[in-house]
Amino acid sequence: MEQMQLRKVIEAALLAWGESLSVSQLREMFDENERPEEAEVRAALAALAEDCAGRAVELVEVASGWRLQVRAEFALPVSRLWQERPGRYSRALLETLALIAYRQPITRGEIEDVRGVAVNPHIVRTLTERGWIRVVGHREVPGRPELLSTTREFLDYFGLRGLDDLPTLAALRDMDNLGVQLDFGTVMPVPEPAAVAAVAAGDGESAG
Amino acid sequence: MEQMQLRKVIEAALLAWGESLSVSQLREMFDENERPEEAEVRAALAALAEDCAGRAVELVEVASGWRLQVRAEFALPVSRLWQERPGRYSRALLETLALIAYRQPITRGEIEDVRGVAVNPHIVRTLTERGWIRVVGHREVPGRPELLSTTREFLDYFGLRGLDDLPTLAALRDMDNLGVQLDFGTVMPVPEPAAVAAVAAGDGESAG
Amino acid sequence: MIGNNDLPEPVAAAAEGAPLPTQAEMPFAIVEGEPVTEMPRDLYIPPQALEVFLEAFEGPLDLLLYMIRRQNVDILDIPIADITRQYMEYIRLMQELDLELAGEYLLMAAMLAEIKSRMLLPRSQEASLLEEEDPRAELVRRLQEYERFKLAAENLDRLPRLERDVHQARAELVGRRVVRLLPEVTLQEMLLAFKDVVQRAAMFVHLHVAREALSVRQRMSEVLLALADAGLVPFVRLFRAEEGRMGVTVTFVALLELLREGLIEVVQAEPYAPLHLRRAQKPADAAAVEEMTVTTVS
């Protein structure tokens, strides 16, 4: 078998198998009478490795043999194929976020006073990790509770220039249908189709 | 992103994923601000397909998207890597599958009418477990028999983009057109394969 | 009797219902050690082969098609008497051999007999030209219909398919990372949640509905942050001239509010010295105070 053909069969085998193959496994693909010598296989592997220069895959030798692997430089975009679909934030999280936005700086205790239930530590962690809230100080009372405020990232995400762009509490209260009566103007980020559906669902929830 | 780079990312993604990916799945690997347009992805796919000329793999479009696959010409040596041969399917299974593919949605009773024998429940179970067929509804007649259709996995497995890609069904011939006489002794030659093929090609019956 | 498990591969394949081989070199069955390379030309089939033979058929339509094809006759002009006789012979053999005979085979036998008898009836030429259908029409239709799907199945089997003909190309991804997508929220969603919580809270506590000076709240947060690391900050440095009178007012109100809430302290070294601000200092012995408070409460 000429080397070019051998190289292709080896590439075919490595990609079909998807894992590493030893030289002897590669040789066993062939009938005895046309089985390439070990040296031939190694030469073909070396040539294949060179072929891969500039391609998305590289040929590497590992403990159990040789394998074609996707180069690490593509790890970031390609890893996104496995990314999980984002879930939805809970009502509790949104309420907590809104209270921090409107009443900042505010302690967990104060949030609890309004919501009537304890603040889930997981919510505060999620909001902090997202970069939307941060601790800006402590109230100098026993326990020194943390004071929470929203961040610039929070404003940026919601397309607000400042907290003043949020409707006033009074304005909010008078509204039967937020979507219709509020003129969000340039302030609102353009909602994705999925987000619109989510709002519609949220609307129904609040009406109930 | 320049096209050469996009092409490599797509190749990396298809190899890492190991199954077909749709254009929109490929686009979602990228951040919104650097997400390529659909046309760009398609152009990159076309270029990648050309790159594969002369290589061990080929880029093909199937029902659920694009996939890189080892060319059939390497199937023989490559299949020796596996201890077990891929299962072959019985005529009964293939005929049942063909009826579901060409006549979907179809009930078991309708399959039986054509094949002249009862549908083996084992076959329906095998086809369902392979993910090739599924129940899509019920015919509103007494007994409400299940209506069976093929799936996208079926198309993918057989390398088809859609039902239109199925080989054309042979034409039915009409007795009257041949001026058949009630003559027991008449012996007519079996049509040449070429003639059958011509008839088949002329048959406009769609696979749907 | 030959069990399927003992059969050499080609025979087993036939028994499994693989397409009947037409090439002469492929043995169709092994009978008494001798390969049978062709379907029997006449009706005599060695009994050992008959079972294999019959199992290779997918029912009566398949058997009939085989007989028609073997005789090289056009499907549209079946010599019905001949075919019926042969078919009955097979049925008789199957029964003699105690083969499990599917009911469909008997049904077909009845159908053939009926067609045969109808064809023997005298018919006027006009009648056959006009309405009266050829008694074989229904059978021919069914045979053709079955045959096209038999062909379709063979074509399907020939399509290059995964595992057998093509393999999906796969390669390990080096350095794969876990990427988590974060949920999307719209401002509207958040406002609705807020409206809700305020309405609920209004049932329990009195919330002042006065215009919320949100710019003041924002400034309060900003001042607290500015004081976080700096220690003492000159009072004047918290004001920015470019914000104008409104900005100065907002900052001043924010400072008053922070003072009222006890979050910051004003420090003046001596009368008329510049004012400095700092975050409220925790009491000298916070732990002690805390403990005290706890004791008091309990």
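Note that the structure is predicted; figures quoted are calculated from it, not measured.

Chemist: Describe the overall build of chain C, naming the residues involved and giving the relevant values.
Modeler: Each helix and strand in chain C was counted, giving 11 helices and seven strands. Per-residue burial over chain C gives 45% buried out of 298 residues. Considering only residue pairs separated by 6 or more positions, chain C has 51% of its internal contacts joining residues 24 or more positions apart.

Chemist: Account for helix α1 (residues 3–17) of chain A, with residues named and values stated.
Modeler: All names here are of chain A. The first and last C-alpha atoms of α1 sit 21 Å apart over 15 residues, in line with the 21 Å expected at 1.5 Å per residue. Turning to α1, its buried residues are L6, R7, K8, V9, I10, E11, A12, A13, L14, L15 and A16. Within two residues after α1, G18 carries a phi angle of roughly 80 degrees, on the positive side.

Chemist: Give a detailed account of the interface of chain B and chain A, specifying residues and quantitative values.
Modeler: In this assembly, 27 residues from chain B lie in contact with 29 residues from chain A. Counting each side, the surface lost to burial between chain B and chain A is near 2500 Å², with a carbon and sulfur contribution of 69%. We note a salt bridge from R80 of chain A to D31 of chain B, for which the minimum N-O separation is 3.4 Å. For the pair chain B and chain A, the interface holds six residue pairs in polar contact (both at pLDDT 80 or more). Those elements giving two or more residues to the side of chain B that touches chain A turn out to be α1 (3–17) and α4 (75–79) of chain B. It is α1 of chain B that provides the largest number of residues to the side of chain B that touches chain A, a total of nine residues.

Chemist: Give a description of the side chain of D134 of chain C that names residues and reports values.
Modeler: All names here are of chain C. Relative to the helices and strands, D134 is located in the loop between α6 (125–129) and α7 (137–158). D134 gets classed as buried once you look at its relative accessible area, which sits at 13%. Looking at D134, its side chain comes within polar contact range of the main-chain nitrogen of R136, at 2.8 Å.

Chemist: Got a sec to walk through the pairing of strand β4 (residues 146–150) of chain A? Specific residues and values, please.
Modeler: For a regular strand, side-chain orientation follows a simple rule: the groups alternate between the two sheet faces. All names here are of chain A. Within β4, four of the five residues are buried, which leaves it mostly tucked inside the rest of the structure. Relative to β4, strand β3 (residues 133–138) runs antiparallel, the two sharing five bridges. Directly across from G137, in β4, lies its bridge partner L147.

Chemist: Describe the nonpolar core, and please don't skip the residues or the numbers.
Modeler: Among the nonpolar cores identified, the biggest contains 57 residues, and I10, V70 and V78 of chain A together with I10 of chain B are the most heavily contacted of them. With near-sequence residues (within four places) excluded, V78 of chain A lies in contact with V9, A12, A13, A16 and M29 of chain B together with L173 of chain C. Formed by 37 residues, the second largest nonpolar core is a distinct cluster that contains A101, F154, L155 and L172 of chain A.

Chemist: Account for the sheet that holds strand β2 (residues 65–70) of chain B, naming residues and giving values.
Modeler: Here three strands make up an open sheet; going across it, the order is β1(B)-β2(B)-β3(C) and the pairing antiparallel. Edge positions in the open sheet fall to β1 (57–62) of chain B together with β3 (167–168) of chain C, since each of these has one partner strand only. Judged from the two bridges that link them, β2 of chain B and β3 of chain C form a sheet pairing that is antiparallel. Each bridged residue has a counterpart across the sheet, and for V70 of chain B the counterpart in β3 of chain C is H167 of chain C.

Chemist: Any details on the packing of aromatic side chains? Residues and values, ideally.
Modeler: Under the counting rule described, the total for this entry stands at 16 aromatic pairs over all chains. With a centroid separation of 5.2 Å and an interplanar angle of 55 degrees, the aromatic rings of F154 of chain A and F158 of chain A are classed as tilted. You can call F158 of chain A buried: its relative accessible area is 0%. Grouping aromatic residues by their ring pairs yields a cluster made of Y89, W132, F154, Y157 and F158 of chain A. Sitting above the plane of the W82 of chain A ring, R176 of chain C keeps its charged end 4.0 Å from the centroid.

Chemist: Kindly report on the confidence of the model for chain C, identifying the contributing residues and their values.
Modeler: Segments scoring low in pLDDT should not have their predicted coordinates read at a detailed level. Residues and elements named next belong to chain C. Averaged over all residues, the pLDDT of chain C equals 74, while 69% of them reach at least 70. Averaged pLDDT values over the elements of chain C bottom out at 37 in helix α11 (residues 286–297) and peak at 94 in β3. Residue range residues 1–27 is modelled with pLDDT below 50. Its contacts to residues more than four positions away, or to other chains, number 44 contacts. In this model, residues 284–298 is a region of pLDDT below 50 whose contacts with residues beyond four sequence positions or in other chains number four contacts. Interface scoring of the predicted complex returns ipTM 0.70; its pTM is 0.66.

Chemist: Can you break down the environment of D77 of chain C residue by residue, with the values?
Modeler: Residue and element names in this part refer to chain C. Position of D77 among the secondary structure elements: in the loop between α3 (60–70) and α4 (80–96). Relative accessible area serves as the criterion here: at 4%, D77 is assigned to the buried category. The spacing of D77 and V140 is 63 residues in sequence and 8.5 Å in space, taken between C-alpha atoms.

Chemist: Please provide a residue-by-residue account of the packing of α1 of chain A against helix α3 (residues 38–51) of chain A, values included.
Modeler: Residues and elements named next belong to chain A. Two elements in contact, α1 and α3, have axes separated by 9 Å at closest approach and are oriented at 75 degrees. Taken together, the axis directions place α1 and α3 in an arrangement best described as roughly perpendicular. Across the interface between the two elements, Q3, L6, R7, I10, E11 and L14 from α1 touch E40, V41, A43, A44, L45, A47, L48 and D51 from α3. Split by residue class, the contact of α1 with α3 holds nine nonpolar, one polar and four charged.

Calculation criteria
Residues numbered from 1 in each chain as written. Chains lettered and ligands numbered in written order. Predicted model: local features only at pLDDT ≥ 70, side-chain atom pairs only at ≥ 80, totals over all residues. Heavy atoms only, no water. Helix = DSSP H or I, 4+ residues; strand = E, 2+ residues; numbered from the N terminus. Buried < 20%, exposed > 50% of the residue type's maximum accessible area, 1.4 Å probe, protein only. Contact = heavy atoms within 4.5 Å. Expected span 1.5 Å × (residues − 1). Buried area = accessible area lost by both parts, 1.4 Å probe. Salt bridge = Lys/Arg side-chain N within 4 Å of Asp/Glu carboxyl O. Polar contact = N/O pair within 3.5 Å; in protein donor to acceptor, adjacent residues only side chain to side chain. Pairing = 2+ DSSP bridges. Core = buried A, V, L, I, M, F, W, Y, C linked by side-chain atoms within 4.5 Å. Phe/Tyr/Trp six-rings, centres within 6.5 Å; stacked < 30°, edge-to-face > 60°. Lys NZ or Arg CZ within 6 Å of the ring centre and 35° of its normal. pLDDT = per-residue confidence, 0-100. Axes fitted to C-alpha atoms, helices over the stretch in contact; angles between N-to-C directions. Parallel < 35°, antiparallel > 145°, perpendicular 65-115°, else oblique. Nonpolar A, V, L, I, M, F, W, Y, C, P; charged D, E, K, R; others polar.

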